[in-house]
Amino acid sequence: MRKAFEGLTTKEIREVGMYGCTEAQMREAVESGSTFRFSGPAMVVASMLSDAQEMMACEQPDFNTIEDQRQLLNRAKFVLFTYITDRETA
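The structure reproduced in this document is the subject of the present report.

Rules used in this analysis
All residue numbers refer to positions counted from 1 along the written sequence of the respective chain. It should be noted that, the model being predicted, local features are given only for residues of pLDDT at least 70 and side-chain atom pairs only at 80 or more, the latter also being counted only at that level, while totals for whole chains, interfaces and linings use all residues. Working from all heavy atoms in the structure, the side-chain values ignore hydrogens and water. Pairing of aromatic rings covers Phe, Tyr and Trp, the last through its six-membered ring, and needs centres within 6.5 Å; plane angles under 30 degrees mean stacked, over 60 mean edge-to-face, and all others mean tilted. Going along the chain from the N terminus, every DSSP run of H or I of four or more residues is numbered as a helix, and every run of E of two or more is numbered as a strand. Using a 1.4 Å probe on the protein chains alone, a residue whose accessible area is under 20% of its type maximum counts as buried, one over 50% counts as exposed, and one in between counts as partly exposed. Directions pointing from the helix axis toward each C-beta atom define the arc. Here a salt bridge means any side-chain nitrogen of Lys or Arg lying within 4 Å of a carboxyl oxygen belonging to Asp or Glu. Contacts between residues were defined by any pair of non-hydrogen atoms, one from each residue, lying within 4.5 Å.

## Comments concerning the packing of aromatic side chains
No. 1: A complete count under the given rule lists 2 aromatic pairs for this structure.
No. 2: When the ring of Y19 is compared with that of F78, the centres are 5.6 Å apart and the planes differ by 65°; the resulting orientation is edge-to-face. Here Y19, found in helix 1 (residues 10-19), pairs with F78, found in helix 5 (residues 63-89); they are 59 residues apart in sequence, far enough to count as distant.
No. 3: The exposure class of Y19 is buried, given its relative accessible area of 10%.
No. 4: Ring centres 5.1 Å apart and planes at 65° place the aromatic pair F36 and Y83 in the edge-to-face group. In this pair, F36 is assigned in helix 3 (residues 34-39) and Y83 in helix 5, connecting sequence segments 47 residues apart.
No. 5: Take F36: its relative accessible area is 16%, and that puts it in the buried class.
No. 6: Taking relative accessible area as the criterion, Y83 reaches 5% and is therefore assigned buried.

Now the structure itself:
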């Protein structure tokens, strides 16, 4: 196991692979952000999708850019399903 993953549970290691951070870290980042507080979760998702579009504009994206983009899209889906879809079905 790499040093970066020391002290993390198996679930947290999987989360880091999917999102680039744990779900707890992502919740903290999303909920403490001004976009979330002033504009809501839909705007957070829109901002993430815009960032992903900008990353696609690279002519020759390398593996790290593609991986960052994949994780960003996963984070956008997390926000969508955690803060928007769950509230609509409640």
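## Comments concerning helix 1
No. 1: Taken as a whole, helix 1 has its buried residues at E15, V16 and Y19. Buried residues along helix 1 cover an arc of 100° about the axis, so they all sit on one side.
No. 2: Two residues or fewer past helix 1, G20 is found with a positive phi of approximately 90°.

## As for the pattern of salt bridges
No. 1: Inspection of every chain in the model, using the stated rule, returns 2 salt bridges.
No. 2: In this structure, the salt-bridge partner of E15 is K11, at a minimum N-O distance of 2.5 Å. Within this pair, E15 and its partner K11 are both found in helix 1, separated by 4 residues, close to a single helical turn.
No. 3: Here K11 falls in the partly exposed class, since its relative accessible area comes to 47%.

## Quick look at the environment of L72
No. 1: Relative to the helices and strands, L72 is located in helix 5.
No. 2: On the accessibility criterion, L72 (8% relative accessible area) is buried.
No. 3: With near-sequence residues (within four places) excluded, L72 lies in contact with M48, D51, A52 and M55.

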